[in-house]
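Observations on chain architecture
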Amino acid sequence: MRNVRILCVGKLKERYLSDACAEYIKRLGAYCRPEIVELPESRLPDNPSPAEIEACLEREGAEILAKIPKDALAIPLCIEGEQLSSEGLAAALSDAAVRGTSTACFIIGGSWGLSPAVKRAGKLRLSMSRMTFPHQLARVMLLEQLYRAFSINAGGKYHK
């Protein structure tokens, strides 16, 4: 796996999260070409209706789908996804690379999640946990797990 693209709805607001992401992106550079693509989060009223939420997810979903590289392994992060161990994620990335996939594209939705179309586009759906995390924190957690997975596949000492 030579390229890792992370599509994120919304921007990081807190400096400590940006600093953590920057550290893991730097570390990942030893194993792959990491790229973060931030997409705008749709604005909704304070108490949106289900129809407004659905329209928001559809708009964001269209932008996400347009940014997934052709022939990439698309991996949306969603509650319905599969929970993998660090070793399981490492194996999934390794298997994809052996099959000739050069890009993994992870997708982190905004505060309302991801559209059904984005979830269907995923060749692997991934759940970080059954717990709920802020989507900004999910970015840091994903980057750390990617670094760990690449370290596992390289036989490094980071993973214990």
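A quick note: this is a predicted structure, and the numbers were derived from the prediction, not measured.

Moving on to the nonpolar core. Formed by 29 residues in total, the largest nonpolar core has its most connected members in Ile-6, Leu-93, Phe-106 and Leu-146. Only strand S1 (3-9), helix H1 (15-28), strand S3 (73-82), helix H3 (86-98), strand S4 (103-108) and helix H5 (135-153) provide two or more residues apiece to this core. Considering each element in turn, this core owes the most residues, 8 residues, to H5. Beyond its immediate chain neighbours, meaning those up to four positions away, Phe-106 contacts Val-4, Arg-5, Ile-6, Leu-7, Ile-75, Leu-77, Leu-89, Leu-93, Leu-126, Leu-142 and Leu-146. Grouped together as the second largest cluster of nonpolar side chains are 12 residues, Val-9, Val-37, Ile-68 and Leu-114 included.

Moving on, we come to the side chain of Ser-127. Structurally, the position occupied by Ser-127 is in the loop between helix H4 (116-121) and H5. Within polar-contact distance, the side chain of Ser-127 engages the backbone oxygen of Ser-129 at 3.0 Å. Once you skip the residues sitting within four places of it in the chain, Ser-127 turns out to touch Cys-78, Ile-79, Gly-81, Glu-82 and Gln-83.

Glancing now at helix H2 (residues 50-67). When the terminal C-alpha atoms of H2 are compared, their 26 Å separation across 18 residues agrees well with the 26 Å that a helix rising 1.5 Å per residue should span. Along H2, the positions that sit buried rather than exposed are Ile-53, Cys-56, Leu-57, Glu-60, Gly-61 and Ile-64. Around the axis of H2, the buried residues are gathered within 135° of arc, so they sit on the same side. Opposite the buried face of H2, by more than 90 degrees, sit the exposed residues Ala-51 and Ala-66. Check the buried side of H2 and you find it contacts S1, strand S2 (33-39), S4 and H4.

The rules we used
Residues numbered from 1 in each chain as written. Predicted model: local features only at pLDDT ≥ 70, side-chain atom pairs only at ≥ 80, totals over all residues. Heavy atoms only, no water. Core = buried A, V, L, I, M, F, W, Y, C linked by side-chain atoms within 4.5 Å. Buried < 20%, exposed > 50% of the residue type's maximum accessible area, 1.4 Å probe, protein only. Helix = DSSP H or I, 4+ residues; strand = E, 2+ residues; numbered from the N terminus. Contact = heavy atoms within 4.5 Å. Polar contact = N/O pair within 3.5 Å; in protein donor to acceptor, adjacent residues only side chain to side chain. Expected span 1.5 Å × (residues − 1). Arc of directions from axis to C-beta.

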